[in-house]
Amino acid sequence: MGLLNRIFVALDASKKDVPLLKHANKYINESEAEKIYFVHVQESLDLPKEVTDKYPNMLSPLDESIRVSMDKLIHEHIPNIDNINHELLIEEGNPAETIIKLVKRKQADIVILGKDGQGKGTGSVARKIASFAPCSILFAPELLQYDTEPKALIPINFSETSKDTLQQVEEIAAHIHDLKSLAINCFRIPHGYSSTGKSYDEMVDILKGVAQKKLDHFVNSAIDDHNIETKPILIEEDETTADAIYKAAKDENADMIIIGSKSRTFMASMVLGSTAEKLLLSNINIPILIYKNKNQTLDIFNFFDRI
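Bear in mind that the values here come from a model prediction, so they are computed numbers and not experimental data.

**Topic: the overall build of the protein**
Each helix and strand in the protein was counted, giving 10 helices and 10 strands. Counting the 307 residues in the protein, one finds 50% classified as buried. Taking as baseline every contact in the protein between residues at least 6 positions apart, the subset at least 24 positions apart corresponds to 80%. Split by element, the accessible area of the protein, about 15400 Å² in all, is 48% carbon and sulfur.

**Overview of helix H7 (residues 200–222)**
If you check H7, its first and last C-alpha atoms are 32 Å apart, about what 23 residues at 1.5 Å a residue would give, namely 33 Å. Residues Met203, Val204, Ala211, Leu215, Phe218, Val219 and Ala222 constitute the buried set of H7.

**What about the pattern of salt bridges?**
All told, the structure shown has 9 salt bridges when counted by the stated rule. We note a salt bridge from Glu87 to Lys35, for which the minimum N-O separation is 3.3 Å. With Glu87 in strand S3 (residues 86–92) and Lys35 in strand S2 (residues 35–42), this pair connects stretches of sequence that are 52 residues apart. Accessibility expressed as a relative area gives 13% for Lys35, which makes it buried. Between Glu277 and Arg127 there is a salt bridge, with the nearest N and O atoms lying 3.3 Å from each other. In this pair, Glu277 is assigned in helix H9 (residues 274–281) and Arg127 in helix H5 (residues 124–132), connecting sequence segments 150 residues apart. With a relative accessible area of 24%, Glu277 lands in the partly exposed category. Linked through salt bridges whose partners overlap, the residues forming this network are Lys151, Lys231 and Glu252.

**Some details on the packing of aromatic side chains**
One pass over the structure, following the stated rule, counts 3 aromatic pairs. Between the aromatic rings of Phe8 and Tyr37, the centroid separation amounts to 5.1 Å while the plane-to-plane angle is 40°, which identifies the pairing as tilted. Taken as a pair, Phe8 in strand S1 (residues 6–11) and Tyr37 in strand S2 lie far apart in primary sequence, 29 residues in all. For the pair formed by Phe8 and Tyr37, the shared burial category is buried.

**A closer look at the nonpolar core**
In this structure, Phe139 and Leu153 are the most contacted members of the largest nonpolar core, which totals 42 residues. Those residues in contact with Leu153 that lie beyond four places of it in its chain are Leu182, Ile184, Ile245, Ala248, Ala249, Ala254, Met256, Ile257 and Ile258.

**As for helix H8 (residues 241–251)**
Where H8 is concerned, the buried positions are Ala242, Ala244, Ile245, Ala248 and Ala249. Projected down its long axis, H8 carries its buried residues within an arc of 160°, all on one side. The outward face of H8, more than 90 degrees from its buried face, is lined by the exposed residues Lys250 and Asp251. Turning to H8, the residues buried within the fold contact strand S6 (151–155), strand S7 (180–187), strand S8 (229–234), strand S9 (256–260) and H9.

**Observations regarding the environment of Pro95**
The residue Pro95 is located in helix H4 (residues 95–105) in this model. As for Pro95 and Ala126, which are separated by 31 residues in sequence, their C-alpha atoms are 9.2 Å apart. Excluding anything up to four places from it in sequence, Pro95 contacts Val41, Glu43 and Val125.

**Some thoughts on the sheet that holds S3**
As summarised here, the arrangement of the 10 strands in space is S3-S2-S1-S4-S5-S10-S9-S6-S7-S8, forming an open sheet in which the pairing is mixed. Here the strands that pair on one side only, and so sit at the sheet edges, are S3 and S8. Across this sheet, the average inter-strand angle for adjacent strands is 20°, counted without regard to direction. Summarising the sheet, S1 and S2 pair through 6 bridges and their orientation is parallel. Note that in S2 the partner of Val9 across the bridge is Phe38. Its contacts with the sheet put H8 on S6, S7, S8 and S9, and the angle it makes with S7 is roughly 145°.

**Quick notes on the confidence of the model for the protein**
Low-confidence regions, as indicated by low pLDDT, have predicted coordinates that should not be scrutinised in detail. Taken over all residues, the pLDDT of the protein has a mean of 80, while the share at 70 or more is 78%. Averaged pLDDT values over the elements of the protein bottom out at 48 in helix H10 (residues 294–306) and peak at 96 in S8. Within the model, the stretch residues 263–270 combines pLDDT values under 50 with 27 contacts to residues more than four positions away or in other chains. Of the regions scoring below 50 in pLDDT, residues 297–307 engages in 21 contacts with residues more than four places distant in sequence or in other chains.

Rules behind the numbers
Residues numbered from 1 in each chain as written. Predicted model: local features only at pLDDT ≥ 70, side-chain atom pairs only at ≥ 80, totals over all residues. Heavy atoms only, no water. Helix = DSSP H or I, 4+ residues; strand = E, 2+ residues; numbered from the N terminus. Buried < 20%, exposed > 50% of the residue type's maximum accessible area, 1.4 Å probe, protein only. Contact = heavy atoms within 4.5 Å. Areas by Shrake-Rupley, 256 points an atom, 1.4 Å probe, with all protein chains shown as cover. Expected span 1.5 Å × (residues − 1). Salt bridge = Lys/Arg side-chain N within 4 Å of Asp/Glu carboxyl O. Phe/Tyr/Trp six-rings, centres within 6.5 Å; stacked < 30°, edge-to-face > 60°. Core = buried A, V, L, I, M, F, W, Y, C linked by side-chain atoms within 4.5 Å. Arc of directions from axis to C-beta. Pairing = 2+ DSSP bridges. Axes fitted to C-alpha atoms, helices over the stretch in contact; angles between N-to-C directions. pLDDT = per-residue confidence, 0-100.

Below is the structure:
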């Protein structure tokens with residue numbers, strides 16, 4: 001099953017919904033999705049008794065009112081939605097937990113979430129969904145403004161998850177016209193390098209060359225026929241890996257960052273690695289796709305269902 005077959009679009013009735021729907025429209029229109037789910041979760045769908053006592057005419061179900069407004073918004077920003085197999089779900093409960101359960105039940109391949117821009121990191125609800133949902137997550141802070149050559153930045157750590165992520169890029173490229181991909185590996189200069197007799201700049205050149213060869217070999221072994229460019233990225237002394245990825249994304253004018261979840265081990269495949277977590281906490285204002293191996297994470301959920 002592909003990455004864009006069953007798509008979840010999580011709406012929170014905030015100003016983020018408009019750019020989120022515009023962004024989702026790009027993938028929905030250019031994919032051959034089997035089913036699109038639009039979901040809004042509200043902690044309570046009951047009006048306070050004080051309100052209903054004072055305004056008895058407001059006793060109509062709140063979920064129906066929300067459904068009408070959400071449906072109108074969806075049709076406004078995804079004009080051909082009636083030609084696509086879709087469903088609007090209005091649910092009551094804890095937003096993160098409810099969405100995670102729905103994603104599992106509906107066998108979603110990807111969840112598209114809004115992300116605050118203008119200097120705000122990703123909220124705790126969205127981070128919880130990203131950590132524990134058994135599928136890939138796309139954070140869409142704003143509508144992509146592609147020019148002639150949109151570019152995806154793919155951080156590589158030479159893990160099996162990185163290999164899976166590279167293989168998914170081919171499908172993503174099929175849905176984004178003229179997408180260019182740049183695989184990067186972030187490296188740093190180890191402490192004590194001076195004992196080698198080499199200067200800092202010499203060590204940068206040496207390790208950059210090693211990283212370049214390793215990166216080229218890894219990409220070539222993951223994908224037989226590809227046009228993915230490669231580039232090693234130096235992590236400066238005062239930077240984290242996430243800082244280096246963020247800076248590279250800006251320097252390369254990337255339109256999206258595609259990063260794998262932590263690993264394919266039993267538990268770690270479900271939660272986020274520290275680099276992905278730090279990217280979500282940053283003020284980066286471009287889309288971030290966190291790829292997860294859906295089959296493996298669903299196996300983990302099924303294991304816990306049996307105990």
